[in-house]
Amino acid sequence: ESSKEQFAYTNIAEELVKLFKKQIEHDKKEMIFEVLAPLAENDVIKLQLVEAGLVECLLEIVQKTVDSDKEDDIAELKTASDLMVLLLLGDESMQKLFEGGKGSVFQRVLSWIPSNSHQLQLAGALAIANFARNDGNCIHMVDNGIVQKLMDLLDRHVEDGNVTVQHAALSALRNLAIPVVNKAKMLSAGVAEAVLKFLRSEMPPVQFKLLGTLRMLIDAQAEAAEQLGKNVKLVERLVEWCEAKDHAGVMGESNRLLSALIRHSKSKDVIRTIVQSGGIKHLVTMATSEHVIMQNEALVALALIAALELVTAEKDLENAQLVQILHRLLSDDRSAPEIKYNSMVLICALVGSEPLQKEVQSMAFLEVVSKLRSHENKTVAQQASLTEQRLAVES
């Protein structure tokens, strides 16, 4: 790292690009590539290489080698397109090449996506994912039809497709779905349906991106969340993935999507589908996650379940020992204020069920809650007073 920083103060980038332009032999080009790749990991040098005209050289190589089946050419195509993607990982170099979406480099990269070379499809999709690292770029790209190109690409890889291309195209779609204004546009373009075709995938990296894309798409989109939440095949697959102990990422994303389907749809039908598919126990486990954001998402989803469909979920909530878990969360001084607040909201909803209310009474919740009345966080203290009143009435 420190040597890269020192190289950034020299004119190495310019010299290497000059040298590269002169080479005809494959071996010498490869040798320079081997020096360029590690240097290009440094953001300052990335920008210097872009300014020295490396991108134009790379695009030229791609054009010359794209239709060739000679081994040397295939290797050069891979190295050049990989290096191109690497240059786009720097924020400044990426914005410089995007040029408000009018950049010739951006346009050329777009033309890689429909190409017949898997290597170029992959590099094209990864490049789009890199360009999609800020809202302005994402909005511009969605307005200019990039989504259809990515969906066409995914379509070509549904049946025994190329896993790296699937993963890259899904990454690009996930990033594009982050700005609020893009969600509805992408949903009406059919992105959710395109993504669902990969539910059968056995590849954890693809599963992970698929889940992330759907979760981004339904954020605050009630109708889409309801539609997906009533999709039994999807919900059953999520419940299955919630048990993917070997793949923490897939497991975490499945839990988060289950919770998101409830939180954004607020739909009784969705809750019933999740209860019938055995999803409740996973949401309860998620409330014990070490990540506060996941704990909180779980508690909000469980509060909605308790408010809308308590009778349907009662048995599962009891079996998953939700009441004991809430007692633990409220007694633990390390629990974040929002966790304490949402745990109390949930307790107030659970006492509407006879068996759960019995459990609450048997666990001395009043003591724990009355201590929280003097909590430094005003919202927690207020909720503690309300919860105490509610528990007193019930007892």
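Every residue gets a number counted from 1 within its own chain, in the order that chain's sequence is written. In keeping with the predicted nature of the model, local features appear solely for residues at pLDDT of at least 70, side-chain atom pairs appear and are counted solely at 80 or more, and the whole-chain, interface and lining totals rest on all residues. For the side-chain quantities, the full set of heavy atoms in the structure was used; hydrogens and water were omitted.

## Topic: helix 26 (residues 365–372)
Okay, step 1: Only protein chains enter the accessibility calculation, which uses a 1.4 Å probe; a residue whose area is less than 20% of its type maximum is buried, one above 50% is exposed, and one in between is partly exposed. Helix and strand definitions here come from DSSP, where helices need a minimum of 4 consecutive H or I residues and strands a minimum of 2 consecutive E residues; each element is numbered from the N-terminal end. Within the span of helix 26, buried status applies to Phe365, Val368, Val369 and Leu372. Looking straight down helix 26, one finds that the buried residues subtend no more than 95° of arc, so they occupy a single side. For helix 26, the exposed residues set more than 90 degrees away from the buried face come down to Glu367 and Lys371.
Okay, step 2: Tucked inside the fold, the buried residues of helix 26 contact helix 23 (322–331), helix 24 (337–350), helix 25 (354–362) and helix 27 (378–394). The arc in question is the one spanned by the directions pointing from the helix axis to the C-beta atoms. By definition in these notes, contact holds between two residues if any of their heavy atoms fall within 4.5 Å.

## Some thoughts on the environment of His118
Okay, step 1: Assignment of secondary structure puts His118 in helix 9 (residues 118–131).
Okay, step 2: Accessibility expressed as a relative area gives 40% for His118, which makes it partly exposed.
Okay, step 3: For the pair His118 and Val165, spaced 47 residues apart in the sequence, the C-alpha separation amounts to 7.2 Å.
Okay, step 4: Once residues lying within four places of it in the same chain are set aside, the contact partners of His118 are His157, Asn162 and Val165.

## Some details on the layout of surface pockets
Okay, step 1: Site definitions follow a grid-based scheme: protein atoms alone, a 1 Å grid, a 1.4 Å probe that fits but cannot get out for cavities, and for pockets an open set with protein on both sides within 12 Å along at least five of seven lines, plus lining residues having an atom within 4 Å of a point. Grid points are joined across faces, edges and corners, and a volume is the space filled by probe spheres set on the points. Approximately 310 Å³ is the volume attributed to the largest pocket.
Okay, step 2: Lining the largest pocket are 14 residues; nearest its centre among them are Met251, Asn255, Thr285, Ser289 and Met294.
Okay, step 3: The set of elements that each furnish at least two residues to the lining of the largest pocket consists of helix 18 (248–265) and helix 20 (280–286).
Okay, step 4: The dominant element in the lining of the largest pocket, judged by the number of residues it contributes, is helix 18, at four residues.
Okay, step 5: The nonpolar class holds Ala, Val, Leu, Ile, Met, Phe, Trp, Tyr, Cys and Pro. Asp, Glu, Lys and Arg form the charged class, and all remaining residues, Gly among them, are polar. Residue classes in the lining of the largest pocket are distributed as five nonpolar, seven polar and two charged.
Okay, step 6: Considering only enclosed or pocket space, the second largest pocket measures out at about 220 Å³ in volume.
Okay, step 7: In terms of lining, the second largest pocket is formed by Leu187, Ala192, Glu193, Leu196, Gln221, Glu223, Ala224, Gln227, Leu228 and Asn231.
Okay, step 8: For the lining of the second largest pocket, the element with the most residues is helix 16 (residues 222–229), which contributes four residues.
Okay, step 9: Residue composition of the lining of the second largest pocket, by class: five nonpolar, three polar and two charged.
Okay, step 10: Domain borders in the structure are assigned automatically or taken from a domain database. Looking at which domains feed residues into the lining of the second largest pocket, each of domain 2 (135–151 + 163–197 + 204–217) and domain 3 (221–320) gives three or more.

## A few points about the packing of aromatic side chains
Okay, step 1: Any two of the Phe, Tyr and Trp rings considered here, Trp counted by its six-membered ring, make a pair once their centres fall within 6.5 Å; the pair's planes then place it as stacked at under 30 degrees, edge-to-face at over 60, or tilted in between. Within the structure shown, the criterion is met by four aromatic pairs.
Okay, step 2: For the ring pair Phe98 and Phe131, a centre distance of 5.4 Å and an interplane angle of 45° mean the geometry is tilted. A residue pair is termed long-range when its members are at least 10 positions apart, and Phe98 in helix 7 (residues 91–98) and Phe131 in helix 9 qualify at 33 residues. Residue Phe98 shares its accessibility class with Phe131, and that shared class is buried.

## Some thoughts on the domain arrangement of the protein
Okay, step 1: Domain boundaries in the protein define domain 1 (1–131), domain 2 (135–151 + 163–197 + 204–217), domain 3 (221–320) and domain 4 (321–394).
Okay, step 2: The gap between the C-alpha centroids of domain 1 and domain 2 is 25 Å.
Okay, step 3: With 17 residues of domain 1 in contact, the opposing surface of domain 2 contributes 14 residues.
Okay, step 4: By convention, the term buried area covers the 1.4 Å-probe accessible surface removed from two parts as they join, with the contributions of both added. In total, about 1,200 Å² of surface goes out of reach between domain 1 and domain 2, with carbon and sulfur atoms giving 74% of it.
Okay, step 5: It is Leu122, Ile128 and Ala129 that lose the most area in domain 1 upon contact with domain 2, and together they represent 33% of the buried surface on that side.
Okay, step 6: By definition here, a salt bridge exists when the distance from a side-chain nitrogen of Lys or Arg to a carboxyl oxygen of Asp or Glu is within 4 Å. In this assembly, domain 1 and domain 2 are joined by zero salt bridges.
Okay, step 7: Polar contact criterion, stated in full: a pair of N or O atoms within 3.5 Å, where within protein one must be able to donate a hydrogen and the other to accept it, and residues adjacent in sequence count only if both atoms are side-chain atoms. The interface formed by domain 1 and domain 2 includes three residue pairs in polar contact (both at pLDDT 80 or more).
Okay, step 8: Elements with a minimum of two residues in the side of domain 1 that touches domain 2: helix 7, helix 8 (104–112) and helix 9.

## Regarding helix 12 (residues 163–176)
Note that an α-helix has 3.6 residues per turn; residues three or four places apart therefore point the same way.
Okay, step 1: Taking 1.5 Å of rise per residue, 14 residues should cover 20 Å, and helix 12 covers 20 Å from first to last C-alpha, within 8% of that figure.
Okay, step 2: Burial analysis of helix 12 places 11 of its 14 residues in the buried class, which makes it a mostly covered element.
Okay, step 3: Buried residues in helix 12 make contact with helix 9, helix 10 (135–143), helix 11 (146–155), helix 13 (180–188), helix 14 (191–196) and helix 15 (204–218). Given a helix with a known number of residues, its expected span is that number minus one, times 1.5 Å.

## Digging into the nonpolar core
Okay, step 1: Each nonpolar core is a collection of buried residues, namely Ala, Val, Leu, Ile, Met, Phe, Trp, Tyr and Cys, held together in the definition by side-chain atoms within 4.5 Å. Ranked by size, the top nonpolar core spans 141 residues in total, and within it Ile128, Leu176, Leu317 and Leu350 carry the most contacts.
Okay, step 2: The biggest single contributor to this core is helix 21 (residues 292–308), with nine residues.
Okay, step 3: Setting aside its immediate chain neighbours within four residues, Ile128 contacts Phe106, Leu110, Ile113, Met141, Ile146, Leu150, Ala172 and Leu176.

## Quick word on the pattern of salt bridges
Okay, step 1: In the structure shown here, the tally under the stated rule is 24 salt bridges.
Okay, step 2: Note that Lys29 and Glu76 form a salt bridge whose closest N and O atoms lie 3.3 Å from each other. Within this pair, whereas Lys29 is found in helix 3 (residues 26–39), its partner Glu76 is found in helix 6 (residues 71–87), the two being separated by 47 residues in sequence.
Okay, step 3: For Lys29, a relative accessible area of 14% translates into the label buried.
Okay, step 4: By relative accessible area, Glu76 is classed as buried at 5%.
Okay, step 5: With a shortest N-O distance of 3.0 Å, Glu309 and Arg272 are connected by a salt bridge. Linking Glu309 in the loop between helix 21 and helix 22 (310–319) with Arg272 in helix 19 (residues 268–276), this pair joins segments that are 37 residues apart in sequence.

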